Amino acid sequence: MAAPRGGLEAVEAEDSVGLRGTSGIELALPSGLAVPAPLCPHGPTLLFVKVTQGKEETRRFYACSACRDRKDCNFFQWEDEKLSGARLAAREAHNQRCQPPLSRRQCVERYLKFIELPLTQRKFCQRCQQLLLPDDWGQHSEHQVLGDVSVTQLRKPSQLLYPLENKKTNAQYLFADRSCQFLVDLLSTLGFRRVLCVGTPRLHELIRLTTSADKNSNIKSLLLDIDFRYSQFYMEDSFCHYNMFNHHFFDGKTALEVCRAFLQEDKGEGVIMVTDPPFGGLVEPLAITFKKLIAMWKEGQSQDDSDKELPIFWIFPYFFESRICQFFPSFRMLDYQVDYDNHALYKHGKTGRKQSPVRIFTNIPLNKIILPTEEGYRFCSLCQRYVSLENQHCEHCNSCPSKDGRKWNHCFLCKKCVKPSWIHCSICNHCAVPDHSCQGPKDGCFICGELDHKRSACPNIASSKRANEAVRKQKQRKSNKMKMETTKGQSMNHTSATRRKERRERAPSISLLLNVQ
Ligand code: SAH
Ligand code: ZN
Ligand code: ZN
Ligand code: ZN
Ligand code: ZN
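Residues numbered from 1 in each chain as written. Chains lettered and ligands numbered in written order. Predicted model: local features only at pLDDT ≥ 70, side-chain atom pairs only at ≥ 80, totals over all residues. Heavy atoms only, no water.

Note the threshold: UniProt positions are given in the numbering used here, feature names are shortened, and annotations may be inferred rather than shown by experiment.
As recorded in an unreviewed UniProt entry, the protein chain goes by rRNA N(6)-adenosine-methyltransferase ZCCHC4 and comes from Saimiri boliviensis boliviensis. The UniProt entry for the protein chain carries the following text under Sequence similarities (unreviewed entry): "Belongs to the ZCCHC4 family."

Right, here's the structure in full:
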């Protein structure tokens, strides 16, 4: 998954354009009058405000909820900006043109035709990321095409499709087999019968594979994801094209009803939501969305169940803990380290690589969740939860305090456990890295001022850089007319052109984040 904005590089880039000091972008509260947000191709936009040195700038603006790079969606509008009828019409046409070429129904019909074909006629265009019917072959004759697509391959779309790694939009980082299997086993042990997979295509896939192979396991799964390519492989009741930053269903009410029915089945019993959003995104819009999904589930509850919570697994880096718990106070973090396939830096510690900073946040009591001892976890009877082997119980803190899986040391002056590399600084009067400079805010985060992380690890950094960029570009454009993007053609693949470039750019930022503190 994507690190928050390219780590140190992003910080340097930001500084080099002269945006020093405490600045950031925050989600703004809509003003008293309920004005509907303007729409971009990704549904309703979000209202942002730029914050400089703790002061809000008065001019607020709308920008795309899903894309943190203007190359992916260039929507920008000042909150108080009045658009001419012609511009509104042009925008509407642009939004239309950016929608997927096929409706959800058409995709399903194509799939049903495809599986009827004999093996030798089942082809997949790797360039266009599309299953081909015989009528399409001509158009793709110059492309790299995979033949003999088997039923097994069709059941594993996350292996057939290449991951969309562009970190400012999809940030598609797929679970390593071990982590994915751990999740499926855990969900089944906990007795769940339905899993709402929000941005977890590989988990969705493994649940379905497990259910069809093993008669004892019968878990249903519904995938909500912005990656439209998946609509080629699933029926309407198991995939919805969805934006988790604004709770937008691209196929409107029909899709929303699929989701509602799924959450409310059996009076809402036996369902859990599992989500693994791009880390570059803001926590707040995600929290707002998840609360909407929770509300949808609640509607199906009977009165006497009113204090029950929808069980949730939110997979995210450990340094977002305080931010997540701010929105969901009942959530606790598990020590389990989630590993990814297509991210060299997030592999398991035991393989000699960096340890993954990604954890599971949940409202399920931690004593119900067993972590595998063979992978280096043990049960702490005092904390009543499984922890990393190195995470030693501290009798002063009365907890197993480590967040990163290493052994932390108790500091009697700070009255808490701190990272092993930190020493107590008598000038700053708290623990810090040995080579810090003792000048107040500089030790903390430039964006929010918190002392426990640098700007590169700040939960607000995503929005900060994006908005700075948005404002800068807007100024640059001044008199330039808004340039309309041209149609992207009939392909499923909206990003292949930039893919190679993104690959090269993939930043080793998480490891940097772990090392800078
Ligand atoms: N580890 C997961 C994948 C997580 S990567 C797995 O293996 O199943 C993040 C996922 O979120 C990707 O599938 C990506 O397509 C999806 N995503 C990114 N932005 C999104 C958005 N705005 N709305 C919905 N899904 C999004
Ligand atoms: Zn958009
Ligand atoms: Zn093709
Ligand atoms: Zn301690
Ligand atoms: Zn200290």
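That shown, we press on.
## Details of the coordination of the zinc ion (ligand 3)
What counts, and what does not: Coordinating donors are taken to be N, O and S atoms lying within 2.8 Å of the metal, or within 3.2 Å when the metal is Na, K or Ca; because water is excluded from the atom set, some sites may appear incomplete. Metal sites are grouped by the angles between bound donors: all angles between 85 and 135 degrees with four donors is tetrahedral, opposite donors over 155 degrees apart with the others between 65 and 115 is square planar for four donors and octahedral for six, and any other pattern is irregular. Only DSSP runs of H or I with at least four residues qualify as helices, and only runs of E with at least two residues qualify as strands; both kinds are numbered from the N terminus onward. When accessible area is computed with a 1.4 Å probe and restricted to protein chains, residues below 20% of their type maximum are described as buried, those above 50% as exposed, and intermediate ones as partly exposed.
Every protein donor of the zinc ion (ligand 3) is accounted for by Cys125 (SG), Cys128 (SG), His140 (ND1) and His143 (ND1), and the metal-donor separations fall at 1.9 to 2.4 Å. The site at the zinc ion (ligand 3) holds 4 donor atoms, and with the angles between them running 103 to 116°, its shape is tetrahedral. Between consecutive donor residues of the zinc ion (ligand 3), the sequence gaps follow C-x2-C-x11-H-x2-H. Residue Cys128 is found in the loop between strand E8 (123-125) and strand E9 (130-132), and its partner His143 is found in the loop between E9 and strand E10 (145-146); the two are separated by 15 residues along the sequence. The class for Cys128 is buried, based on a relative accessible area of 8%. On the accessibility criterion, His143 (18% relative accessible area) is buried.

## As for the coordination of the zinc ion (ligand 2)
Around the zinc ion (ligand 2), the protein supplies Cys40 (SG), His42 (ND1), Cys64 (SG) and Cys73 (SG) as donor atoms, at distances of 2.1 to 2.4 Å. Bound by 4 donor atoms, the zinc ion (ligand 2) shows angles of 105 to 113° at the metal and therefore tetrahedral coordination geometry. As a motif over one chain, the donors of the zinc ion (ligand 2) read C-x1-H-x21-C-x8-C. Cys64 gets classed as buried once you look at its relative accessible area, which sits at 1%.

## What about the nonpolar core?
The following threshold applies: As used in this record, nonpolar core signifies buried Ala, Val, Leu, Ile, Met, Phe, Trp, Tyr and Cys residues forming a set joined through side-chain atoms within 4.5 Å. These domain boundaries are the output of an automatic or database domain assignment. Should any heavy atoms of two residues lie within 4.5 Å, those residues are counted as being in contact.
Leu196, Leu203, Phe313 and Trp314 are the most contacted members of the largest nonpolar core, which has 85 residues in total. At 8 residues, the largest contribution of residues to this core is made by helix H9 (residues 283-299). No fewer than three residues from each of domain 2 (100-149) and domain 3 (167-369) sit in this core. Apart from the residues within four sequence positions on either side, Leu203 is in contact with Phe175, Cys180, Leu183, Val184, Leu187, Cys197 and Val274.

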